[in-house]
Amino acid sequence: IKTSVTGTARLEYPNGTVTSIDADTSIKITALDGTGNRSRLSLLGGSILSKIERILGTGDYYEVETENVVASVRGTIFGTEYRNRISRVYGIENTVKVKTRDPKLGKPVEGTEIDVKSGEKASVNSTDITAGIRSVQKETLAAKDFQSSFTREHVIGDFKKEDLKKDQVRGFIKKVREHNEKDTKFIQ
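None of these values were measured; they are calculated from a predicted model.

Caption draft 1: Spatial organisation of the overall build of the chain. Looking only at helices and strands, the chain has five helices and 13 strands in total. Long-range pairs, those at least 24 residues apart, make up 45% of the contacts in the chain between residues at least 6 apart in sequence.

Right under this line is the structure:
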């Protein structure tokens, strides 16, 4: 699936999971069962927001892969962005498991998995991996992370009233607001 520079798309799975695809994004569906409980997307470029509505069962999975990262969850909301050989995974609700992926071999690198929680982001740069640095960098989200149209429209703008009833989503918004308390324009 490829969107134009002005277009967006939305995948809705039978199990209630939703993948919002930003403008100028290209993805490939590499695995998908009839229920939506087993799915794997390859993000070739651009950004997506994934909302897994319920906890997936044993043996079920939802994964997003880029050239250099694998993000997997069992039930959460998270964003994934891949541009200029840099992957970013934004934790919004619950926990996202993020692991470095070797760009040459196309396989996850064992021992590199970290948990990205609500209000955090992980970053992986392909240049670092080829130079032998295989770790995932993690930090708290800041105001600068919400300057792109993807994060403003799809991360903050895509919350529904049901999402805002969830303690973890409210906690995410509170964390980001507190971290950016001096940025009045952002808070508004």
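Caption draft 2: Highlighting the pattern of salt bridges. Throughout the structure, instances matching the rule amount to 13 salt bridges. Glu 63 is paired through a salt bridge with Arg 40; the nearest N and O atoms lie 2.7 Å apart. You can see Glu 63 sitting in strand 5 (residues 61-65) and its partner Arg 40 sitting in strand 4 (residues 38-51), a full 23 residues away along the chain. Residues Glu 65 and Arg 40 are paired through a salt bridge, measuring 3.8 Å at the closest nitrogen-oxygen approach. With Glu 65 in strand 5 and Arg 40 in strand 4, the pair connects residues that are 25 residues apart, well separated along the chain. Members of the salt-bridge network, linked through shared partners, are Arg 40, Glu 63, Glu 65 and Arg 101.

Caption draft 3: Spotlight on the side chain of Lys 99. Looking at where Lys 99 falls in the secondary structure, it is placed in strand 9 (residues 95-102). When sequence neighbours within four positions are dropped, the list of residues in contact with Lys 99 reads Asn 68, Val 69, Val 70, Pro 108, Val 109, Glu 110, Thr 112, Glu 113 and Val 136.

Caption draft 4: Main features of the environment of Glu 53. With respect to the helices and strands, the residue Glu 53 is situated in the loop between strand 4 and strand 5. For the pair formed by Glu 53 and Asn 15, sequence separation is 38 residues and the distance between their alpha carbons is 7.7 Å. The contact partners of Glu 53, leaving out residues within four places of it in the chain, are Gly 16, Thr 17 and Lys 166.

Caption draft 5: Focus on the packing of aromatic side chains. Applying the stated rule across the entire model yields two aromatic pairs. Look at Tyr 62 and Phe 78: their rings are 6.2 Å apart centre to centre, the planes differ by 80°, and that puts the pair in the edge-to-face class. One end of the pair, Tyr 62, is in strand 5; the other, Phe 78, is in strand 7 (residues 77-83), with 16 residues separating them in the sequence. An aromatic cluster of at least three residues, connected via ring pairs, comprises Tyr 13, Tyr 62 and Phe 78.

Caption draft 6: How the structure looks around the pairing of strand 2 (residues 18-21). Along strand 2, one buried face is formed by Val 18 and Ser 20 and the opposite face, lined by Thr 19 and Ile 21, is buried too. Across four bridges, the pairing between strand 1 (residues 9-12) and strand 2 is antiparallel. Its bridge partner lying in strand 2, Leu 11 is registered against Thr 19. Two successive antiparallel strands, strand 1 and strand 2, enclose a turn made up of five residues, where Gly 16 displays a positive phi of approximately 95°. Bridging between strand 2 and strand 4 involves four bridges; their strand directions are antiparallel. Bridge pairing in strand 4 places Thr 19 opposite Ser 50.

Calculation criteria
Residues numbered from 1 in each chain as written. Predicted model: local features only at pLDDT ≥ 70, side-chain atom pairs only at ≥ 80, totals over all residues. Heavy atoms only, no water. Helix = DSSP H or I, 4+ residues; strand = E, 2+ residues; numbered from the N terminus. Contact = heavy atoms within 4.5 Å. Salt bridge = Lys/Arg side-chain N within 4 Å of Asp/Glu carboxyl O. Phe/Tyr/Trp six-rings, centres within 6.5 Å; stacked < 30°, edge-to-face > 60°. Buried < 20%, exposed > 50% of the residue type's maximum accessible area, 1.4 Å probe, protein only. Pairing = 2+ DSSP bridges.

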